[in-house]
Amino acid sequence: MLALKSSVIDLRQSEKKTLIGFFLLYTALCIVILIFISFVYFKVQKDFMLSQKRITLQNYSNEFIARLKHLHVNFDKYQTYPRDPRFQSAIYDSDKKQIFSTLKSDSINLNSIVYTSKKKIHFIKEPESYYLGSKYVILEIDDDLVWINKTQRDLIIFVTIAFIFLLIVGYFLLKLFLKPMRDAMHLLDRFIKDTTHELNTPISAIVANVEMIDVNGLDEKLARKIRRIDIGAKTVSNIYEDLTYLTLNNKIISQNENINVSELLHQRIEYFQTLASVKKIEFIENIQTDIHMYIDSKKLSKLIDNLISNAIKYNKIEGSIKVELKNGYLCIQDTGKGIKKEQLRLLYDRYSRFDKSVGGFGIGLNIVSMICKEYHLDINISSELNMGTKVIVKW
Amino acid sequence: MVKFLFISTVMLMTSLQASVYKDNCVSCHEELPVSIDKYFYRYLLKYSSEKDVKKAMKTYLENPSEKSSVMGDAFINRFGIKYKTDLTNDELDKALNDYWKTYKVFGKLK
């Protein structure tokens, strides 16, 4: 068996959505983790800065309390509040009532020891004795914001590097996550390629020999049997061609030429007549003559074959297929069971099958979609349950 | 006329209230070598807020003891403990209010 090499794997829409969902979730998770780490780092840096400032403020407060003590003892002689150019200060009594203040910031939190507020650092000290009634001594210095600038710079560098690193990890995780799915699809594609290759010779032999039989010279019973063989051979041949197209034709360069679409459409309808007759389906043709198109004839045949084949396959017994062709417009409409609206958007996905009661691999419309994409054809499928499906191709 | 009478009554009451502190507190402490303000700052040093200072002073004045005194042992050994106040509750409150207003730190710092 010959295994044809192919590295191209088409992911289904739902799989793409799952991957996008995974990627978004992973990115969101990374961002949350980085925000959390940044917050912790910021807090640690702030605490570190405050612990350094606290030592300085502790020394200032000792000096200030000594001056407060001196004032308390000599309050009958003078009442000048001790001031220092290095810091602002305030004193509060045990009821948290302000006795005196030179503070610039009015947001005071007497329950903390050291904290920042409005670009100021506040330090709260409780003296052993309440000089002038002051249970709380508050010292205030300016926050030079050097630490915050440094922290911001560090965080930007860290977050950027960490985010890139996490994205790379995410990419490898995604590949790991995809591997079983890709393996399964590779296996399926490989199986199909091998099978189609092995089918080639017997199918060609059956189709060629059936075509050579003169049915008119046979009795009715035998002629019916030959027609059944013809239908079976054509069905297998059609599937074979689809699979071959997927594995080979979509990767080779198209042989574009000016094609008479009207003639080709007549030929293809003729080809499918036998198949349609089994379900007593009638073709209603409205085909304008001499409609031309610059396209690869095999690909256009494939497109028409798949649309007609589907119209037969999903049609009801004694139904009809309307085929309309005019300049830049091809319409194939059946009278079958129709497709649910929510399933319409998944129609072009490979291996999508909504009615398992009929045969097929679910690759027909995927091929149609690929051909339309290659030749920029506008395809529109509308469907109504139990009424039928209408496929319009415009160019 | 009514306005004059009202103002006169208020002023009279105010002067009567002030006299509780002056007559019953200052008058005695003037005879002691330690001025009355020193006791105030002792209380302030220990109790901080107006509410706590007044409460501690009242507790001491109603039941004076070495334990509840804010003064040092040397002071107590030399001058002893004061006698229990005979002022009524209202008089005591008024006297303490005046005492607080006279020596409070609020509004005096420059």
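Predicted, not measured: the structure shown is a model, and the values here were computed from it. (Residues numbered from 1 in each chain as written. Chains lettered and ligands numbered in written order. Predicted model: local features only at pLDDT ≥ 70, side-chain atom pairs only at ≥ 80, totals over all residues.)

**Considerations on the overall build of chain A**
For chain A, the count of helices and strands is seven helices and 12 strands. Across the 395 residues of chain A, 23% fall into the buried class. Contacts in chain A between residues at least 24 apart in sequence constitute 68% of all its contacts with a sequence separation of at least 6. (Helix = DSSP H or I, 4+ residues; strand = E, 2+ residues; numbered from the N terminus. Buried ≥ 20, exposed ≤ 12 C-beta atoms within 10 Å, placed from the backbone. Contact = placed C-beta atoms within 7 Å.)

**Describing the overall build of chain B**
A tally of regular secondary structure across chain B gives five helices and zero strands. Helices and strands in chain B line up, N terminus first, as α-α-α-α-α. Looking at chain B as a whole, 17% of its 110 residues are labelled buried. Once local pairs closer than 6 in sequence are excluded, the contacts in chain B between residues at least 24 apart make up 54%.

**Thoughts on the packing of helix 5 (residues 297-313) of chain A against helix 7 (residues 364-374) of chain A**
Residue and element names in this part refer to chain A. At their nearest, the axes of helix 5 and helix 7 sit 9 Å apart, and the two run at 145° to each other. Helix 7 is crossed by helix 5, and the crossing has left-handed handedness. Taking contact as the criterion, the partners of Lys 299, Lys 302, Leu 303, Asn 306, Leu 307, Ser 309 and Asn 310 in helix 5 are, on helix 7, Gly 364, Leu 365, Ile 367, Val 368 and Ile 371. In terms of residue class, the contact of helix 5 with helix 7 is built from six nonpolar, four polar and two charged. (Axes fitted to C-alpha atoms, helices over the stretch in contact; angles between N-to-C directions. Left-handed = near helix turned anticlockwise from the far one by under 90°. Nonpolar A, V, L, I, M, F, W, Y, C, P; charged D, E, K, R; others polar.)

**Section: the interface of chain B and chain A**
Each partner contributes to the interface: chain B provides 14 residues, whereas chain A provides 18 residues. Listed by contribution, the elements that provide at least two residues to the side of chain B that touches chain A are helix 2 (36-47) and helix 3 (50-62) of chain B. For the side of chain B that touches chain A, the element with the most residues is helix 2 of chain B, which contributes five residues. Here the residues of the side of chain B that touches chain A sort into six nonpolar, two polar and six charged.

**Side note on helix 3 of chain B**
Residue and element names in this part refer to chain B. Here helix 3 contains 13 residues, and its C-alpha end-to-end distance of 18 Å stays within 8% of the 18 Å for a straight helix at 1.5 Å per residue. Within the span of helix 3, buried status applies to Glu 50, Val 53, Met 57 and Tyr 60. Viewed along the axis of helix 3, the buried residues span an arc of 110°, placing them on a single side of the element. Turning to helix 3, the residues buried within the fold contact helix 2 and helix 5 (89-103). (Expected span 1.5 Å × (residues − 1). Arc of directions from axis to C-beta.)

**Concerning the sheet that holds strand 2 (residues 98-101) of chain A**
All names here are of chain A. Taken together, five strands build an open sheet; the order of strands is 2-1-5-4-3 and the sheet is antiparallel. The open sheet has two free edges, formed respectively by strand 2 and strand 3 (114-117), since each of these has just one partner strand. The average undirected angle you get between the axes of adjacent strands in this sheet is 20°. (Pairing = 2+ DSSP bridges.)

**Concerning the sheet that holds strand 10 (residues 329-334) of chain A**
Residues and elements named next belong to chain A. Strand order in the open sheet made by the five strands is 7-9-10-12-11, with mixed pairing throughout. The open sheet has two edge strands with one neighbour each: strand 7 (282-287) and strand 11 (378-384). Going from strand to strand, the sheet's axes swing by 10° on average, the running direction of each strand aside. Bridge count between strand 9 (residues 320-326) and strand 10: six bridges; the pairing is antiparallel. By the bridge assignment for strand 10, Lys 326 is matched with Tyr 329. Here helix 5 sits on the sheet in contact with strand 9, strand 10 and strand 12 (388-394), set at roughly 20° to strand 10.

**Quick look at the environment of Lys55(B)**
Looking at the secondary structure, you find Lys55(B) in helix 3. Residue Lys55(B) is classed as partly exposed on the basis of its 13 C-beta neighbours within 10 Å.

**Digging into helix 5 of chain B**
Residues and elements named next belong to chain B. Between its first and last C-alpha, helix 5 extends 21 Å over 15 residues, near the 21 Å set by a 1.5 Å rise per residue. Regarding helix 5, the residues found buried are Leu 92, Ala 95, Leu 96 and Tyr 99. Seen from one end, helix 5 has its buried residues packed into an arc of 100°, which puts them on one side. Opposite the buried face of helix 5, at more than 90 degrees from it, the exposed residues are Asp 90 and Lys 101.

**Here we look at the pairing of strand 10 of chain A**
Burial of strand 10 of chain A is one-sided: the residues Leu330(A), Ile332(A) and Asp334(A) facing one way are buried, the residues Tyr329(A), Cys331(A) and Gln333(A) facing the other way are not. The hairpin formed by strand 9 of chain A and strand 10 of chain A contains two residues between the paired strands, and Gly328(A) there has a positive phi angle of roughly 75°.

**Considerations on the confidence of the model for chain A**
Residues and elements named next belong to chain A. Confidence in the prediction for chain A averages 85 pLDDT; 90% of positions are at 70 or higher. Of all secondary-structure elements in chain A, the lowest mean pLDDT belongs to helix 6 (residues 341-344), at 73, while strand 1 (residues 88-92) reaches the highest, 95. Ignoring residues within four places in sequence, the model shows residues 1-9, a span with pLDDT below 50, making 13 contacts including any to other chains. (pLDDT = per-residue confidence, 0-100.)

**Observations concerning the confidence of the model for chain B**
Residues and elements named next belong to chain B. Residues at a pLDDT of 70 or more form 84% of chain B, whose mean pLDDT is 83. Per-residue pLDDT, averaged within each element of chain B, yields its smallest value for helix 1 (residues 2-29) (64) and its largest for helix 3 (92). Scored by ipTM, the complex comes to 0.81, with pTM at 0.55.

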